[in-house]
Amino acid sequence: MSATGSIDPWLLKRLVCPLTRTPLRYDQAAQELISDAAGLAYPIRDGVPVMLVEAARSLSGEAL
C-alpha cells in the first residue's frame, strides 16, 4: 500500500477471491477488497489484505 492508502495496482490484478477465484475490486473508503461474485468483503488490516473467508464480511448482512 502507498502512503495515500491505496493498494498497489500490480497486487490488485493478481489477488482473487479465495472462494470463487474471481477478481476483486478495491473499496478505499472501507479498506476492503470486494468479491461481487461471492458477496464478501475482505478486510485490509495494517496494509495487508486478509484473504480468509472466515474473516470476510458478508455484503448481504447475513452471517457466513
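All of the points below concern the structure found in this document.

Conventions and cut-offs
Residue indices begin from 1 for each chain and proceed along its sequence in written order. Only residues with pLDDT of 70 or above have their local features reported here, since the model is predicted, and side-chain atom pairs are shown and tallied only from 80 upward, although totals for entire chains, interfaces and linings are computed over all residues. With hydrogens and water stripped out, all remaining heavy atoms of the structure feed into the side-chain values. Helix and strand assignments follow DSSP, with helices taken as H or I runs no shorter than four residues and strands as E runs no shorter than two, numbered in order from the N terminus. Under the scheme applied here, a residue whose accessible area is under 20% of the maximum for its type counts as buried, over 50% as exposed, and between as partly exposed, the area being computed with a 1.4 Å probe on protein chains only. Residues are treated as being in contact if the distance between any of their heavy atoms lies within 4.5 Å. Buried residues of nine kinds, namely Ala, Val, Leu, Ile, Met, Phe, Trp, Tyr and Cys, make up a nonpolar core once their side-chain atoms join them within 4.5 Å. Think of it this way: DSSP has to see at least two bridges between two strands before they count as a pair.

Notes on the side chain of S35
Then, in step 1: Tracing the sequence through the fold places S35 in strand β2 (residues 32–35).
Then, in step 2: For S35, a relative accessible area of 0% corresponds to the buried category.
Then, in step 3: Sequence-distant contacts of S35, defined by excluding residues within four places in its chain, comprise C17, T20, T22, L24, L40, Y42 and L59.

Some words on the nonpolar core
Then, in step 1: Core analysis: the largest hydrophobic core is formed by 10 residues, namely I7, L15, C17, L24, Y26, L33, L40, Y42, I44 and A56.
Then, in step 2: For L24, the residues in contact, after removing those within four places along its chain, are L12, L15, V16, C17, L33, I34, S35, Y42 and M51.

Some words on the pairing of β2
Then, in step 1: In β2, alternate side chains face the same way, and those of E32 and I34 on one face and L33 and S35 on the other are all buried.
Then, in step 2: Of the strand pairs in this sheet, strand β1 (residues 25–27) and β2 are connected by 3 bridges, and their pairing is antiparallel. Looking at the pairing, R25 lines up with I34 of β2.
Then, in step 3: As consecutive antiparallel partners, β1 and β2 are separated by 4 residues, and within that stretch Q31 has a phi angle of approximately 55°, a positive value.
Then, in step 4: For β2 and strand β3 (residues 40–45), the ladder comprises 4 bridges, and the chain directions are antiparallel.

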